[in-house]
Amino acid sequence: MRRARDWSQEELAHQSDIHRTYISDLERGRRNPSIEVVERLAKGLRVKLGELLD
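Note that the structure is predicted; figures quoted are calculated from it, not measured. (Residues numbered from 1 in each chain as written. Predicted model: local features only at pLDDT ≥ 70, side-chain atom pairs only at ≥ 80, totals over all residues. Heavy atoms only, no water.)

1. Observations concerning helix 2 (residues 20–27)
Stage number 1. Restricting attention to buried positions, one finds in helix 2 the residues Tyr22, Ile23, Ser24, Asp25 and Leu26.
Stage number 2. At its buried positions, helix 2 is contacted by helix 1 (9–16) and helix 3 (35–45).
Stage number 3. Remark: Gly29 follows helix 2 within two positions and exhibits a positive phi of approximately 75°. (Buried < 20%, exposed > 50% of the residue type's maximum accessible area, 1.4 Å probe, protein only. Helix = DSSP H or I, 4+ residues; strand = E, 2+ residues; numbered from the N terminus. Contact = heavy atoms within 4.5 Å.)

Here it is, written out as structure tokens:
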């Protein structure tokens, strides 16, 4: 979804209030996000939580 919006990791981090290195680790599979982080990502991407989890 981030790439579809042509957003950098920094932009997604800013929109979601999450550190950029955490976004990087998520994308590389090095971290498992908590539900709170998933909610913040959904809000930052302006999608419903369910859309992000599909």
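Next comes the rest of the write-up.
2. Concerning the pattern of salt bridges
Stage number 1. Per the stated rule, a full pass over the model turns up five salt bridges.
Stage number 2. In this structure, Glu27 and Arg2 form a salt bridge, with 2.6 Å as the shortest nitrogen-oxygen distance. Remark: Arg2 occurs in the segment before helix 1 and Glu27 occurs in helix 2; sequence separation between them is 25 residues.
Stage number 3. Between Arg40 and Asp17 there is a salt bridge, with the nearest N and O atoms lying 3.4 Å from each other. Taken as a pair, Arg40 in helix 3 and Asp17 in the loop between helix 1 and helix 2 lie far apart in primary sequence, 23 residues in all.
Stage number 4. A residue is classified by how much of its surface remains accessible, and Arg40, at 29% relative accessible area, is partly exposed. (Salt bridge = Lys/Arg side-chain N within 4 Å of Asp/Glu carboxyl O.)

3. Observations concerning the confidence of the model for the protein
Stage number 1. Summing up the model confidence of the protein, the mean pLDDT is 96 and the portion of residues at 70 or higher is 100%.
Stage number 2. Here helix 4 (residues 49–53) stands out as the least confident element of the protein, with mean pLDDT 90; helix 1 is the most confident, with 98. (pLDDT = per-residue confidence, 0-100.)

4. Notes on the packing of helix 1 against helix 3
For any two helices packed against each other, the geometry comes down to the angle between their axes and how far apart the axes lie.
Stage number 1. Between helix 1 and helix 3, whose axes approach to 8 Å, the crossing angle comes to 105°. Of the possible angle classes, the one that applies to helix 1 and helix 3 is roughly perpendicular. Here Leu12, Gln15 and Ser16 of helix 1 come into contact with helix 3, specifically with Arg40, Leu41, Gly44 and Leu45.
Stage number 2. Residues of the contact of helix 1 with helix 3, tallied by class, amount to three nonpolar, three polar and one charged. (Axes fitted to C-alpha atoms, helices over the stretch in contact; angles between N-to-C directions. Parallel < 35°, antiparallel > 145°, perpendicular 65-115°, else oblique. Nonpolar A, V, L, I, M, F, W, Y, C, P; charged D, E, K, R; others polar.)

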